[in-house]
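# Overview (structure and organization)
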Number of protein chains: 2
Amino acid sequence: MTHYFSSDFKLGILGGGQLGKMMLYDTRKLDIQTYVMDPNPEAPSKIACNHFETGDLMDYDRVMEFGKQVDVLTFEIEFVNVKALEDLEASGVKVYPSAATLNKIQNKSVQKEFYKANQIPTADFTTYPSLEALKKDVSEGKVKFPFVWKSSTGGYDGKGVSVIKSEKNLEALPNGECLTEELVDFKTEIAIIVARNVSGNIKTYPVVEMEFNPDTNQVEYVLCPARIEPSIAEKARNLAQLVSNRFEHVGLLAIEMFLTQDDDIIVNEVAPRPHNSGHFSIEGSYTNQFEQHLRAILDLPLGETSSKTNSVMVNLVGEENHTGDVVYQGIQTIMDMPGVIPHIYGKKQTRPFRKMGHVNIIHSDIKEARKIAEHVKSTIKVISKH
Amino acid sequence: MTHYFSSDFKLGILGGGQLGKMMLYDTRKLDIQTYVMDPNPEAPSKIACNHFETGDLMDYDRVMEFGKQVDVLTFEIEFVNVKALEDLEASGVKVYPSAATLNKIQNKSVQKEFYKANQIPTADFTTYPSLEALKKDVSEGKVKFPFVWKSSTGGYDGKGVSVIKSEKNLEALPNGECLTEELVDFKTEIAIIVARNVSGNIKTYPVVEMEFNPDTNQVEYVLCPARIEPSIAEKARNLAQLVSNRFEHVGLLAIEMFLTQDDDIIVNEVAPRPHNSGHFSIEGSYTNQFEQHLRAILDLPLGETSSKTNSVMVNLVGEENHTGDVVYQGIQTIMDMPGVIPHIYGKKQTRPFRKMGHVNIIHSDIKEARKIAEHVKSTIKVISKH
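Residues numbered from 1 in each chain as written. Chains lettered and ligands numbered in written order. Predicted model: local features only at pLDDT ≥ 70, side-chain atom pairs only at ≥ 80, totals over all residues. Heavy atoms only, no water.

What follows deals with the interface of chain A and chain B. Taken together, the contact pairs 47 residues of chain A with 47 residues of chain B. For the pair chain A and chain B, the two sides together bury roughly 4200 Å², of which 60% comes from carbon and sulfur. Contact with chain B buries surface across chain A, with Arg28, Gln332 and Met335 of chain A losing the most and accounting together for 16% of the total. A salt bridge links Lys348 of chain A to Asp31 of chain B; the nearest nitrogen and oxygen atoms lie 2.8 Å apart. Our count for the contact surface shared by chain A and chain B stands at 16 residue pairs in polar contact (both at pLDDT 80 or more). Those elements that place two or more of their residues in the side of chain A that touches chain B are α1 (18-29), α10 (289-297), β17 (324-329), α11 (331-334), β18 (340-344) and β20 (355-363) of chain A. (Contact = heavy atoms within 4.5 Å. Buried area = accessible area lost by both parts, 1.4 Å probe. Salt bridge = Lys/Arg side-chain N within 4 Å of Asp/Glu carboxyl O. Polar contact = N/O pair within 3.5 Å; in protein donor to acceptor, adjacent residues only side chain to side chain. Helix = DSSP H or I, 4+ residues; strand = E, 2+ residues; numbered from the N terminus.)

Okay, structure coming up:
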């Protein structure tokens, strides 16, 4: 049996952003030795790991060099060199989630085809090898406005997704492989974090509700639990379990879904890692999502996923017109509100809409938590010093 | 107004043991820059701080050199050079808890005299400048067996305290300043963590119950809340608030108390820092004790101290007859029990009775939590590899 704790065992993490940083609270808590690689020499995960290296995560040689040093390799971001993961697996390094799982997810066109092939309900779509091919279909009247355009690769935080209402909107899009999706008429967007360990045991977290900022398309609030009927929540958790089983992933799978006007649930997209929609779990759940990810990839028993109490998460993003050394204006005021815990990601520089942190509001009453969340949102401002 | 988060502000922490290590989870969470000094170059806090130095905490020059680099200085252990703290205060460094507070606590004889002078109920006692002076009183029949002997300085984790039943027991005691206390006939030992910020605002955590191992005199279980009448709990919290006000400390004050057979509450001793009896708060409370300590010493608003759910903490200490590279035997089994979260301190070497970690058991039913705690205790063993 492998001894993971206070031992010579080495866990590698590709990516050293805020997700990696928060995972390190739990590797420290369990005293698991960690190696981290990130292109940014001042990445949030730089301290609190045992060993840090800089390196491009898409660079085959760097990922190989880095991965060969560790016993188990995981990642906190999908944009890593998959060929290197495959070759590391072949050389005996345990890679979780596997290269095969990442291959099904990294490219959004492939991900959508996977849903189709596995009878997982999702919005109707068409894939295109290039923007030109899409424009051709539009000019031939084969695509009806409005529709959703998604870049097949590289999208995150509301980037790489646009609602296209007219031919004019097409001009602003970048070139490259993409897909179109029907615009879903949904009541609400929901998400579920599923954990699956190496042995194949599965646990699902409660359904959360995501409220988006209509301007930036970024998540503004995440409510746990979602304000939906228990029967709908159960349906969503069953679907999440099905998706998890189909992917056969190891680690966390964050599944974003639409609840349609007809109370159908369809899968929007997934991420094979700890996720913004699971941050509520840090203070809200019996087992937080980062510890759960570690339990899953080390084949430890999965922890209890129910909530200690209800919660709302508020994302903290940089204000418009502010670039430079960050100041969290109003943070002392929000810390005086009951059950309010700020999480600061440690990025020294703010930029408009950059994810700089989040705030968890813990309260037995979800309505009260949602009210406090709005108060938090209007009080704290991520601005620059000068 | 001082900006503490993602800024140039520097918090210094004297001591880099497990308490410091756990405080660093919260300095990371809030992105507060930290400087840590500890004599051990492999101290648990070595990673996750921004800057680490080795140095003897009782060495005046080293504490001065270290302290001059920071804006606010705190400590995670009482055994630090108080003269240096005084001189750092005089030079403009904010030291919390203050040298004056530490002066009232560091020496147990002084601490007991402080209770007496401030009408704080405590067990009757006599102080002695040396063991010889105590032996003289014993030989002259001025002290009755049994009594409690305490070393005035340096005691912790059940060391520096003995129940003396006969003259023979005196032979095993070390020389030095000491005190004797009447043996209190108590129902149970309880404790309360009080937080007091720079502005003088106070919050008390719920009363916890401590169960000791009769052989080693170390705390085995901490239950939150204590299984006592609400009226008794309120009396204890009122006393804790009084003690806090008398000490005028800044930061946390952990107050250990006896609940006597007559339902009186008397103070045993205090520690001006996060404390073993507050570890339940990491998963159990709205605000964990380490974050609360930071809030207090940075004069931020104090966080909510109530519990999200009930909890029992189990201390993990090294097994007898085991010295060397540590192995946590049975840890995978306990992680399969509901609501069980291990905390490993990161000491590579185990020794008999060394504090190596703790386990929090979170459960809505305190009786159920206590049962699981016993199961945890009998399942996990801290042993050496060979």
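A few words on the sheet that holds strand β9 (residues 178-181) of chain B. All names here are of chain B. With antiparallel pairing, four strands are arranged side by side in an open sheet as β6-β9-β7-β8. Strand pairing shows two members of the sheet lacking a second neighbour, β6 (125-128) and β8 (161-164), which therefore form its edges. Strand-to-strand twist of the sheet, defined as the mean angle between neighbouring strand axes without regard to direction, takes the value 20 degrees. Along the sheet, helix α6 (residues 131-139) makes contact with β6, β7 (147-151) and β9, crossing β7 at roughly 165 degrees. (Pairing = 2+ DSSP bridges. Axes fitted to C-alpha atoms, helices over the stretch in contact; angles between N-to-C directions.)

Look at α1 of chain A against helix α1 (residues 18-29) of chain B: their axes get within 11 Å of each other, and the N-to-C directions meet at 175 degrees. The orientation of α1 of chain A relative to α1 of chain B falls into the category roughly antiparallel. In this structure, α1 of chain A uses Lys21, Tyr25, Arg28 and Lys29 of chain A to contact α1 of chain B, whose residues at the interface are Lys21, Tyr25, Arg28 and Lys29 of chain B. In terms of residue class, the contact of α1 of chain A with α1 of chain B is built from two nonpolar, no polar and six charged. (Parallel < 35°, antiparallel > 145°, perpendicular 65-115°, else oblique. Nonpolar A, V, L, I, M, F, W, Y, C, P; charged D, E, K, R; others polar.)

A word on the UniProt feature "binding site: ATP" (unreviewed entry) in chain A. Residue and element names in this part refer to chain A. UniProt's entry tags Lys108, Lys150, Glu181, Glu182, Leu183, Val184, Glu189, Asn268 and Glu269 with the feature "binding site: ATP" (unreviewed entry), counted in the numbering of this structure. The topology assignment puts Lys108 in helix α5 (residues 108-117). For Lys108, a relative accessible area of 12% gives the class buried. Along the chain, Glu189 turns up in strand β10 (residues 186-196). Beyond its immediate sequence surroundings of up to four residues, Glu189 is in contact with Val208, Glu209, Met210, Phe212, Met257, Phe258 and Asn268. (UniProt positions renumbered as here; feature names shortened; annotations may be inferred. Buried < 20%, exposed > 50% of the residue type's maximum accessible area, 1.4 Å probe, protein only.)

Below, the discussion takes up the side chain of Asn107 of chain A. Residue and element names in this part refer to chain A. One can find Asn107 in the loop between α4 (99-105) and α5. Owing to a relative accessible area of 13%, Asn107 belongs among the buried residues under this scheme. In this structure the side chain of Asn107 is engaged in a polar contact, spanning 3.2 Å, whose partner is the side chain of Glu177. Those residues in contact with Asn107 that sit more than four places away from it in its chain are Ser152, Thr153 and Glu177.

We now examine helix α2 (residues 60-67) of chain B. All names here are of chain B. Within α2, the full set of buried residues consists of Arg62, Val63, Met64, Phe66 and Gly67. Looking at the buried side of α2, the elements it contacts are β1 (10-14), β2 (33-38), β3 (51-54), β4 (72-75) and α3 (82-90). Its side-chain oxygen 2.9 Å from the backbone nitrogen of Asp61, Asp59 forms the N-cap of α2.

A separate point is the relation of the copies chain A and chain B. Taken as rigid bodies, chain A and chain B are interconverted by a rotation of 180 degrees and an axial shift of 0.0 Å, the fit giving an RMSD of 0.0 Å. Both copies are brought into coincidence by an operation consistent with a two-fold rotation axis. The rotation axis passes nearest to the C-alpha of Ala48 of chain A in chain A, at a distance of 1.8 Å. (Least-squares fit on C-alpha atoms with pLDDT ≥ 70 in both.)

On to the pairing of strand β17 (residues 324-329) of chain B. All names here are of chain B. In this structure, β17 lies alongside strand β19 (residues 349-350), joined through two bridges in antiparallel fashion. Bridge pairing in β19 links Asp325 to Gln349. Of the pairings in the sheet, the one linking β17 to strand β21 (residues 381-384) comprises four bridges and is antiparallel in character. For Gln329, the partnering residue across the bridge sits in β21 and is Lys381.

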